[in-house]
Amino acid sequence: MYFKDYRNVLVVFAHPDDAEGQFGGTIARLVQQGAEVNYVCCTDGSRGGTDPAMTDAELTAIRAAEQRAAADLLGVKEVTYLGRKNGTLEVTVDLRRDIVREIRRHKPDLILTLSPFRVLDAPIGLSHADHMNAAEATLIAVYPEADSPRAYPELLDEGFEPHSVNDVWIPAVNEADRIIDVTDTVELKARAWLCHKSQAGAKTGRPAWSFEARMGTRMRAAGARIGVAFAESFRTIEITTSEPAPSPQV
């Protein structure tokens, strides 16, 4: 399936490395077609490393540098951090307001975010509590809050006017309704994901993560559904504030 002519895309996720792992090939395609893509990372990544001797401040700095390097490879313009500790993310008013601020700042017509619910037929890592909470806060921020002038009047004082988002995409496995061919960008996605070296596992003796084991198999399966080598799959949410038309009477 193909993209609309998206010009501004906001990617909202929980941890450094989420965006590349879930959407990297699609992000690269969007940038290549001329879209401006910006990131919002809800946590600082300070508890996601593999070295127990490292301080939170050290890991936060390392992961920020890794995320910037990955974003640069994909052509992402700006990375904004909301600064929560990972493992503690909750759907709070403060988090929703911070996401609304970024929606109003960047004015996207498409948002990519994570799944707001537990997916039992997918690897357990996709259902991390921070992922679900980041996604749920994002969906609430999209509607009804980002386009409501009465939500967070302090943002109006900061100069952030209401904005309506057209579409939201979340990762999907069996219930996908949009499958994006990323065969031409899968190598770029892999290189971007591998920028996150602090997450590789080597310092604790665990086997280093491999792109093939964590993503390649799933992406090949998605690709097979549309006859290509590699794909990323999504459920799409079209944002509309109008009431659906009544069903015809039989």
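Here is what the cut-offs are and how they apply
- For every chain, the first residue of the written sequence is number 1, and numbering continues from 1 along that sequence.
- Selection of residues for local features in this predicted model requires a pLDDT of at least 70, selection of side-chain atom pairs for listing and counting requires 80 or more, and totals for whole chains, interfaces and linings are taken over all residues.
- For the side-chain quantities, the full set of heavy atoms in the structure was used; hydrogens and water were omitted.
- Any Lys or Arg side-chain nitrogen found within 4 Å of a carboxyl oxygen on Asp or Glu counts as a salt bridge.
- We count a stretch as a helix when DSSP gives it H or I for four or more residues in a row; a strand needs E for two or more, and each element gets its number in order from the N terminus.
- Remark: exposure states derive from per-residue accessible area (1.4 Å probe, protein chains only) relative to the maximum for the residue type, with buried under 20%, exposed over 50%, and partly exposed in between.
- Any two strands with at least two DSSP bridges between them are considered paired.
- Here an axis means a line fitted to C-alpha atoms, over the contact stretch when the element is a helix, while the angle between two N-to-C directions is reported on a 0 to 180 degree scale.
- Only heavy atoms enter the contact rule, under which two residues are in contact if any of them lie within 4.5 Å.
- Throughout this description, a polar contact denotes any pair of N or O atoms lying within 3.5 Å of each other; where both atoms belong to protein, one of them has to be capable of donating a hydrogen while the other can accept it, and for residues adjacent in sequence the pair is counted only when both atoms sit in side chains.
- Nonpolar core, defined: a set of buried Ala, Val, Leu, Ile, Met, Phe, Trp, Tyr and Cys residues in which side-chain atoms within 4.5 Å join the residues together.
- Two aromatic rings from Phe, Tyr or Trp, using only the six-membered ring of Trp, form a pair when their centres are within 6.5 Å; if the ring planes differ by under 30 degrees the pair is stacked, by over 60 it is edge-to-face, and anything between is tilted.
- Across the chain, each position has a pLDDT score giving the predictor's confidence in that residue, from 0 to 100.

A. Layout of the pattern of salt bridges. With the rule as written, the count across this model stands at 16 salt bridges. Notably, a salt bridge pairs Arg63 with Asp17, separated by 3.4 Å at the nearest N-O pair. Of this pair, Arg63 sits in helix H2 (residues 56-74) while Asp17 sits in the loop between strand E1 (8-13) and helix H1 (18-32), and the two are 46 residues apart along the sequence. Overall, Arg63 belongs to the buried group, its relative accessible area being 2%.

B. Seen up close, the sheet that holds strand E7 (residues 231-238). The mixed open sheet is built from seven strands, whose spatial order is E3-E2-E1-E4-E5-E7-E6. If you trace the sheet from one side to the other, it starts and ends with strand E3 (79-84) and strand E6 (178-181), each paired once. Strand-to-strand twist of the sheet, defined as the mean angle between neighbouring strand axes without regard to direction, takes the value 25°. Summarising the sheet, strand E5 (residues 167-171) and E7 pair through five bridges and their orientation is antiparallel. Residue pairing across strands places Val168 opposite Ile237, the latter belonging to E7. The sheet contacts of H1 involve E1, strand E2 (36-43), strand E4 (110-112), E5, E6 and E7, and relative to E7 the element is tilted by about 85°.

C. Representation of the environment of Ser115. Relative to the helices and strands, Ser115 is located in the loop between E4 and helix H4 (129-145). For Ser115, the residues in contact, after removing those within four places along its chain, are His131, Met132, Ala135, Ile170 and Pro171. Separated by 3.0 Å, the side chain of Ser115 and the backbone oxygen of Phe117 make a polar contact.

D. Structural detail: the nonpolar core. With 62 residues, the main nonpolar core has Val11, Ile27 and Tyr39 as its most contacted residues. It is H4 that provides the largest number of residues to this core, a total of six residues. Not counting the four nearest positions on each side in its chain, Val11 is found in contact with Ala19, Phe23, Ile27, Val37, Asn38, Tyr39, Val40 and Leu112.

E. Seen up close, the packing of aromatic side chains. Scanning the model with the defined rule gives four aromatic pairs in all. Measuring from ring centre to ring centre gives 5.9 Å for Tyr6 and Trp169, while their planes differ by 85°; the resulting arrangement is edge-to-face. One end of the pair, Tyr6, is in the segment before E1; the other, Trp169, is in strand E5, with 163 residues separating them in the sequence. Trp169 shares its class with Tyr6; the two are buried. Ring centres 5.3 Å apart and planes at 50° place the aromatic pair Trp169 and Phe234 in the tilted group. Of this pair, Trp169 sits in strand E5 while Phe234 sits in strand E7, and the two are 65 residues apart along the sequence. Here Trp169 matches Phe234 in class, with each residue buried. Connected via pairs of aromatic rings, a cluster forms that spans Tyr6, Phe23, Trp169 and Phe234.

F. Representation of helix H6 (residues 186-193) within the structure. Burial of H6 is extensive: six of the eight residues sit out of reach of the surface. Three or more residues of H6 are buried, namely Val186, Leu188, Lys189, Ala190, Ala192 and Trp193.

G. Inspection of unusual backbone geometry at higher detail. The step from Tyr143 to Pro144 runs through a cis peptide bond, and the omega angle for that step is 15°. Mapping Pro144 onto the fold places it in helix H4. Within the chain, Lys107 stands out as a residue other than glycine whose phi angle is a positive 55°. The topology assignment puts Lys107 in the loop between helix H3 (93-106) and E4.

H. Seen up close, the confidence of the model for the protein chain. Averaged over all residues, the pLDDT of the protein chain equals 89, while 88% of them reach at least 70. Per-residue pLDDT stays below 50 along residues 242-250; that stretch engages in zero contacts with residues further than four places along the chain or on separate chains.

I. Examining the side chain of Asp18 more closely. Mapping Asp18 onto the fold places it in helix H1. Of the polar contacts made by the side chain of Asp18, one reaches the backbone nitrogen of Ala14; its length is 3.1 Å. A polar atom in the side chain of Asp18 sits 2.6 Å from the backbone nitrogen of His15. Once residues within four sequence positions are removed from consideration, Asp18 is found in contact with Phe13, Phe23, Leu114 and His131.

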